[in-house]
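Here are the chains, one letter per residue:
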Amino acid sequence: MTTNGGFEPVFCTIVPPHVLDKLAQAEDPALSRPARQTLQRDAYERTQRRLTTVIGAPSVAPPAGAEPAKPHRTVYDARHGTDLPGRKVRGEGAEPGKDATVNRAYAGLGATFELFLKAYERDSIDGSGLPLDATVHYDRDYNNAFWNGEQMVFGDGDGEIFLDFTIPIDVIGHELTHGVTQYTANLTYFGQPGALNESMSDVFGALIKQYTLGQTAAEADWLIGAGLLAPRVTGKALRSMKAPGTAYDDDVLGKDPQPATMDDYVRTGRDNGGVHINSGIPNHAFYLAATALGGHAWERAGQIWYDVLTGGELKQDALFVDFATLTVKAARERYGQGDELDAVSKAWEQVGVRTL
């Protein structure tokens, strides 16, 4: 955890290291080689982020002439290299080009901006119009996408296990939400606070997808990364908020290890204390609250989660019980003794997290 209000070095990936570790052990070099290379690249980027981060979240002013409450997007092409950000290929307001990956990244940045602005009156991820930058075509056969504290980066996948990482809009929303968390609660990326950090990104990634598609909580699939897995993989997505532990069950990838309740909480030193695994518990709590309330999940359930993330009371080292308690408080303060309070309280009870 940081001190004196400082911000931790941020490097957050969509594909958990335990998935890549499993792939790296595959007998087929076409599967193991990209996984090993991705793990090595992630380790390098994570180290670079630690070495170059200064105390305090980066403050980047919108460009001169930029309209308030409007996105300012720039998409770059790494051309299969690793130098960031790469060559600029599309700026704000430019027409779509022939590269579908560039167009999807641009649209995903816009969809994320729109959800936070329209639903929560937040002007970009820092609340002050931060420009949104993304780099596509990063490295070769790179099986990940990440937020490095300053920008989004997307790999093209290896085509064997993972496809282009700009395909699922919730992956884009997930990674950018790490930026929102960075500028607000700045949850420590380890153990339960790290799992909450990951869960916040899954929650708002799912809401961005649902908002873009106009879906109600009942209509949504509640999958994170649907469309990312290649046809040979036995699975639907990276994670399921509706039924954690069921997103994939594959002879190469293994079985989705996410628990849905505290009864199956995983204690591990890997993956920063299981941040991508135990996030299934708060993920499922949000799903239960949102579906109990019905309608559009970004409205009431999403508002409560947003209130807690940005309200100033959520500590960097918050545990599940701390977060749950604050959601109950936020539901009561915003909506009174109604359905919202009942739905949130019951959701945490169902996943085995007590509230104070």
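Every chain is numbered on its own, with residues counted from 1 as its sequence reads. The predicted origin of the model limits local features to residues at a pLDDT of at least 70 and limits the giving and counting of side-chain atom pairs to 80 or more, whereas totals for whole chains, interfaces and linings rest on all residues. Hydrogens are left out, water is left out, and the side-chain values use all remaining heavy atoms of the structure.

Engineer: Explain the overall build of the protein chain to me, and be specific about the residues and the numbers.
Structural biologist: Across its full length, the protein chain holds 10 helices and 10 strands. Overall, the protein chain is about 55 × 55 × 40 Å in size when its C-alpha atoms are taken along their principal axes. In this scheme, a residue with accessible area under 20% of its type's maximum is buried, one over 50% is exposed, and one in between is partly exposed, where area comes from a 1.4 Å probe on protein chains only. Taken across its 356 residues, the protein chain has 58% of its residues classed as buried. Residue pairs in contact within the protein chain that sit at least 24 positions apart in sequence constitute 65% of those at least 6 positions apart. Accessible areas in this description were obtained via Shrake-Rupley with a 1.4 Å probe; residue shielding takes into account the shown protein chains only. With an accessible surface of roughly 14500 Å², the protein chain has 48% of that area assigned to carbon and sulfur atoms. Put simply, the protein chain has 33 plus and 47 minus side-chain charges, and the middle of one group is 1 Å from the middle of the other. Helical segments are the DSSP runs of H or I of at least four residues, strand segments are the runs of E of at least two, and each set is numbered from the N terminus. Only heavy atoms matter for contacts: two residues are in contact if any of them lie within 4.5 Å across the pair. The charge count includes Lys and Arg as positive and Asp and Glu as negative, but it does not include His or the ends of the chains. By convention, charge coordinates are those of NZ in Lys, CZ in Arg, CG in Asp, or CD in Glu.

Engineer: Any chance you could break down the pattern of salt bridges for me, citing the residues and the numbers?
Structural biologist: Should a side-chain nitrogen of Lys or Arg be within 4 Å of a carboxyl oxygen of Asp or Glu, the pair is scored as a salt bridge. Taken as a whole and judged by the stated rule, the model has 13 salt bridges. In this structure, the salt-bridge partner of Arg239 is Asp202, at a minimum N-O distance of 2.8 Å. Taken together, the residues Arg239 in strand 8 (residues 239–240) and Asp202 in helix 5 (residues 191–213) connect sequence positions 37 residues apart. In terms of burial, Arg239 and Asp202 fall into one category: buried. Taking the shortest distance from any N to any O, the salt bridge between Lys346 and Asp342 comes out at 3.4 Å. A residue pair is termed a helical-turn pair when its members lie 3 or 4 positions apart in one helix, as Lys346 and Asp342 do in helix 10 (residues 339–350) at 4 residues. For Asp342, a relative accessible area of 39% gives the class partly exposed.

Engineer: Pulling in residues and values, what's your account of empty space enclosed by the protein?
Structural biologist: For cavity detection a 1 Å grid was placed over the protein atoms alone, and a set of points counts as a cavity when a 1.4 Å probe fits there but cannot get out; an open set counts as a pocket when protein lies on both sides within 12 Å along at least five of seven lines, with lining residues being those that have an atom within 4 Å of a point. Grid points are joined across faces, edges and corners, and a volume is the space filled by probe spheres set on the points. With the rule as written, the count across this model stands at 1 cavity of 30 Å³ or more. Of the voids in this model, the largest cavity is the one considered here, and its volume is about 60 Å³. Forming the boundary of the largest cavity are Pro16, His18, Leu238, Arg239, Tyr248, Asp256, Pro257, Gln258, His276 and Ile277. Only Asp, Glu, Lys and Arg are considered charged, only Ala, Val, Leu, Ile, Met, Phe, Trp, Tyr, Cys and Pro nonpolar, and every remaining residue, Gly among them, polar. Of the residues assigned to the lining of the largest cavity, the class counts are 5 nonpolar, 3 polar and 2 charged.

Engineer: With reference to specific residues and values, describe the sheet that holds strand 5 (residues 145–147).
Structural biologist: Two strands qualify as a pair provided DSSP detects at least 2 bridges between them. Read from one edge to the other, the open sheet built from 6 strands follows the order 1-5-6-4-2-3, with strand pairing classed as mixed. Each edge of the open sheet is held by one strand with a lone partner, namely strand 1 (12–13) and strand 3 (87–91). In this structure, strand 2 (residues 73–77) lies alongside strand 3, joined through 4 bridges in antiparallel fashion. Among the inter-strand pairings, Tyr76 is bridged to a residue of strand 3, identified as Lys88. Whenever a helix is involved, its axis is fitted only over the stretch in contact; in every case the axis is a line through C-alpha atoms, and angles between N-to-C directions fall within 0 to 180 degrees. Strands strand 2, strand 3, strand 4 (132–136) and strand 6 (152–154) of the sheet are contacted by helix 3 (residues 100–120), whose axis makes an angle of about 150° with strand 2.

Engineer: Got a sec to walk through helix 3? Specific residues and values, please.
Structural biologist: One less than the residue count of a helix, multiplied by 1.5 Å, gives the span that helix is expected to have. For helix 3, with 21 residues, the first-to-last C-alpha span of 30 Å sits near the 30 Å given by 1.5 Å per residue. Most of helix 3 is tucked away, with 15 of its 21 residues classed as buried. Taking the backbone nitrogen of Thr101 as reference, a side-chain oxygen 2.9 Å away marks Asp99 as the first, capping residue of helix 3. Following helix 3 by one or two positions, Glu121 has its phi on the positive side, about 55°. In the analysis that follows, any N or O atom pair within 3.5 Å is treated as a polar contact, provided that within protein one partner can donate a hydrogen and the other can accept it, and provided that, for residues neighboring in sequence, both atoms belong to side chains.

Engineer: An account of the packing of aromatic side chains is needed here, citing residue identities and associated values.
Structural biologist: Remark: the centre distance and the inter-plane angle together describe each pair of aromatic rings, the angle taken between the planes. Two rings belonging to Phe, Tyr or Trp (six-membered ring only in the last case) form a pair when the distance between their centres is within 6.5 Å. Interplanar angles under 30 degrees mark stacking, angles over 60 mark edge-to-face geometry, and anything in between is tilted. Applying the stated criterion to the full structure yields 19 aromatic pairs. Ring centres 5.0 Å apart and planes at 75° place the aromatic pair Phe286 and Trp305 in the edge-to-face group. One end of the pair, Phe286, is in helix 7 (residues 280–293); the other, Trp305, is in helix 8 (residues 301–310), and 19 residues separate them in sequence. Taken together, the ring pairs connect Trp222, Phe286, Tyr287, Trp305, Phe323 and Trp348 into an aromatic cluster. By definition here, charges over rings are those cases where NZ of Lys or CZ of Arg is within 6 Å of the ring centre and within 35 degrees of the ring normal. Here the basic side chain of Arg73 rests over the ring of Tyr106, its NZ or CZ set 3.8 Å away from the ring centre. Lying over the aromatic face of Tyr106, Arg90 brings its terminal NZ or CZ to 3.6 Å of the ring centre.

Engineer: I'd like a description of the confidence of the model for the protein chain, backed by residues and values.
Structural biologist: Per residue, pLDDT captures the predictor's confidence, and it can take any value from 0 to 100. Across the protein chain, the average pLDDT comes to 93, with 94% of residues at or above 70. The low-confidence segment residues 1–6 (pLDDT under 50) makes 12 contacts with residues lying over four places distant or belonging to another chain.

Engineer: A description of the packing of helix 3 against helix 5 should follow, citing residues and the corresponding values.
Structural biologist: Where helix 3 meets helix 5, the closest approach of the two axes is 9 Å, and the angle between their N-to-C directions is 90°. Classified by the interaxial angle, the pair formed by helix 3 and helix 5 is roughly perpendicular. Within the contact between the two elements, helix 3 uses Ala111, Thr112, Glu114, Leu115, Phe116, Lys118 and Tyr120 and helix 5 uses Phe204, Leu207, Ile208, Tyr211 and Thr212. Residues of the contact of helix 3 with helix 5, tallied by class, amount to 8 nonpolar, 2 polar and 2 charged. Note that the term roughly parallel is reserved for angles under 35 degrees, roughly antiparallel for angles over 145, roughly perpendicular for angles of 65 to 115, and oblique for everything else.

Engineer: Got a sec to walk through the side chain of Asn144? Specific residues and values, please.
Structural biologist: With respect to the helices, strands and loops of the structure, Asn144 is situated in the loop between strand 4 and strand 5. In this structure, Asn144 is in contact with Thr13, Ile14, Val15, Leu20, Thr38, Asp42, Phe154, Gly155 and Phe165, ignoring residues within four places of it in sequence.

Engineer: Residues and numbers for the nonpolar core, please.
Structural biologist: Phe162, Phe204, Trp222 and Trp305 are the most contacted members of the largest nonpolar core, which totals 98 residues. In terms of residue count, the dominant contributor to this core is helix 3 (10 residues). Setting aside residues no more than four positions away along its own chain, Trp222 makes contact with Ala206, Gln210, Ala217, Arg239, Ser240, Met241, Lys242, Phe286, Tyr287, Ala290, Thr291 and Ala297. As used here, the term nonpolar core means buried Ala, Val, Leu, Ile, Met, Phe, Trp, Tyr and Cys residues forming a set that is joined through side-chain atoms within 4.5 Å. Counting residues in hydrophobic clusters, the runner-up holds 6 residues, among them Ala78, Tyr138, Phe146 and Val153.

Engineer: So, the side chain of Gln192: which residues are in play, and what are the values?
Structural biologist: Position of Gln192 relative to the elements: it lies in helix 5. Residue Gln192 is classed as buried on the basis of its relative accessible area of 17%. Apart from residues lying up to four places away in sequence, Gln192 is in contact with Met262, Tyr265, Ala318, Leu319 and Phe320.

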